[in-house]
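Residue strings, one per chain:
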Amino acid sequence: GYVPEERLEVVYNGVGAHFRVIEDEQHLRQIAKKYSLPAKFFLFLGNTDPKKNTPKTIVAYAEYCAKYGLEHKLVIGDLNPDVIKRYLQEAGFEQFFEQIHFTGYINNKDLPAIINLAALFLYPSLRESFGIPLLEGMRCGTPVLSGDFSSMPEIAGEAALLVNVKDTAAISEGMHQLISNSTLRQSYVQKGLERSAQFSWKNTARQVHTLYNRLNN
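Keep in mind the model is a prediction, meaning the values are calculated, not measured. (Residues numbered from 1 in each chain as written. Predicted model: local features only at pLDDT ≥ 70, side-chain atom pairs only at ≥ 80, totals over all residues. Heavy atoms only, no water.)

Engineer: Please explain the nonpolar core as it appears in this structure.
Structural biologist: Within soluble globular proteins, side chains that are nonpolar generally end up buried alongside one another. If you look at the biggest cluster of nonpolar residues, it comprises 31 residues, and the most contacted ones within it are Phe42, Leu74, Leu145 and Met175. Of all the secondary structure elements, the ones that give two or more residues to this core are strand S1 (41–44), helix H2 (54–68), strand S2 (73–76), helix H3 (81–91), strand S4 (120–123), strand S6 (161–163) and helix H7 (168–180). At seven residues, H2 tops the list of elements feeding residues into this core. For phenylalanine 42, the contacting residues outside a window of four places in its chain are Tyr61, Tyr64, His72, Lys73, Leu74, Val75, Ala119, Leu120, Leu122, Met175 and Ile179. In this structure, Leu43, Phe121, Phe130 and Leu134 belong to the second largest nonpolar core, which totals 30 residues. (Core = buried A, V, L, I, M, F, W, Y, C linked by side-chain atoms within 4.5 Å. Buried < 20%, exposed > 50% of the residue type's maximum accessible area, 1.4 Å probe, protein only. Helix = DSSP H or I, 4+ residues; strand = E, 2+ residues; numbered from the N terminus. Contact = heavy atoms within 4.5 Å.)

Given below as structure tokens:
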């Protein structure tokens, strides 16, 4: 039935505690070796679901390479290289295929270290009901680039760089801003850590408990 808006309360999901800033350099080196990670890279964990915006993300990265250089590679999770090559070919950027590093399947317990090692976490999704990876990136102290619509602005607040992710030039320029401007970059790292701390499962449980008590008293 219909529930009046004033009676609705939103309780957000939490983020797993293993997503955090990792100080253990040996562990980071082990994970870098396990997945043969490049020294400097952007991380994108999209898939072929249209909402993940993979074609535009790949083309935006190629535009970044063409305009700003090849210092940072793009690390992609369990995606078919042939699909990625086709996106580049269709946009006339096939020469940048060598810039992309495919890890294959990533074990979830290894993901925090990979995010820690990334210079930038790309989450340019077109639509999400919540978007936990956005917060996982923040919790790991990595600046996050995401979209300026759907649930992303509500979840990210001002703690991620939000761009028009339907526009490859806007995504590419966002990458450049976060890499080239160290003050801006550090600001998003700090704000991301603060924002994501509000989304722990402990906080979620506390909110549910408070709501339950209020409704039953």
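Let's pick the thread back up.
Engineer: I'm lost on the side chain of asparagine 53 in this one. Help?
Structural biologist: Within the element layout of this structure, asparagine 53 appears in the loop between S1 and H2. Those residues in contact with asparagine 53, other than ones at most four positions away along the chain, are Pro124, Leu126, Val165 and Ile171.

Engineer: For this particular structure, what's the right way to read the side chain of threonine 142?
Structural biologist: Considering the arrangement of structural elements, one finds threonine 142 in the loop between helix H5 (132–139) and strand S5 (144–147). In terms of polar contacts, threonine 142 uses its side chain to reach the backbone carbonyl oxygen of isoleucine 115, at 2.6 Å. Look past the residues within four positions of threonine 142 in its chain and what remains in contact with it is Ile115, Asn116, Ala118, Ala119, Leu120, Phe121 and Gly137. (Polar contact = N/O pair within 3.5 Å; in protein donor to acceptor, adjacent residues only side chain to side chain.)

Engineer: Got a minute to help me understand the environment of glutamine 190 in this structure?
Structural biologist: Mapping glutamine 190 onto the fold places it in helix H8 (residues 182–196). The exposure class assigned to glutamine 190 is partly exposed, which follows from its relative accessible area of 39%. Separated by 48 residues in sequence, glutamine 190 and threonine 142 have C-alpha atoms that sit 9.2 Å apart.

Engineer: Where do I start with H7 in this structure?
Structural biologist: Each turn of an α-helix holds 3.6 residues, which means side chains three or four residues apart point in the same direction. Over its 13 residues, H7 extends 18 Å from the first C-alpha to the last, a length consistent with the 18 Å expected when each residue adds 1.5 Å. If you check which residues of H7 are buried, you get Thr168, Ile171, Ser172, Gly174, Met175 and Leu178. The buried residues of H7 occupy an angular sector of 155 degrees when the element is viewed end-on, so they sit on one face. Where H7 is buried, its residues meet S1, H2, S4, S5, S6 and H8. Between a side-chain oxygen at the N-terminus of H7 and the backbone nitrogen of alanine 169 the separation is 3.1 Å; the capping residue is aspartate 167. (Expected span 1.5 Å × (residues − 1). Arc of directions from axis to C-beta.)

Engineer: Before we go on, may I ask you to explain the confidence of the model for the protein chain in this structure?
Structural biologist: Residues at a pLDDT of 70 or more form 85% of the protein chain, whose mean pLDDT is 87. Contacts from residues 201–215, a stretch scored under 50 in pLDDT, to residues over four places away or in other chains number 17 contacts. (pLDDT = per-residue confidence, 0-100.)

Engineer: How should I be thinking about the packing of H7 against H8 in this particular structure?
Structural biologist: Packed helices, taken two at a time, are described by their axes: the angle between them and the distance between them. In contact at an axis separation of 5 Å, H7 and H8 are set at 95 degrees when each is read in the N-to-C sense. Viewed along their axes, H7 and H8 adopt a mutual orientation that is roughly perpendicular. Judged by residue contacts, Gln177, Leu178, Ile179 and Ser180 of H7 engage Ser182, Leu184, Arg185 and Tyr188 from H8. Per-class residue counts for the contact of H7 with H8 are four nonpolar, three polar and one charged. (Axes fitted to C-alpha atoms, helices over the stretch in contact; angles between N-to-C directions. Parallel < 35°, antiparallel > 145°, perpendicular 65-115°, else oblique. Nonpolar A, V, L, I, M, F, W, Y, C, P; charged D, E, K, R; others polar.)

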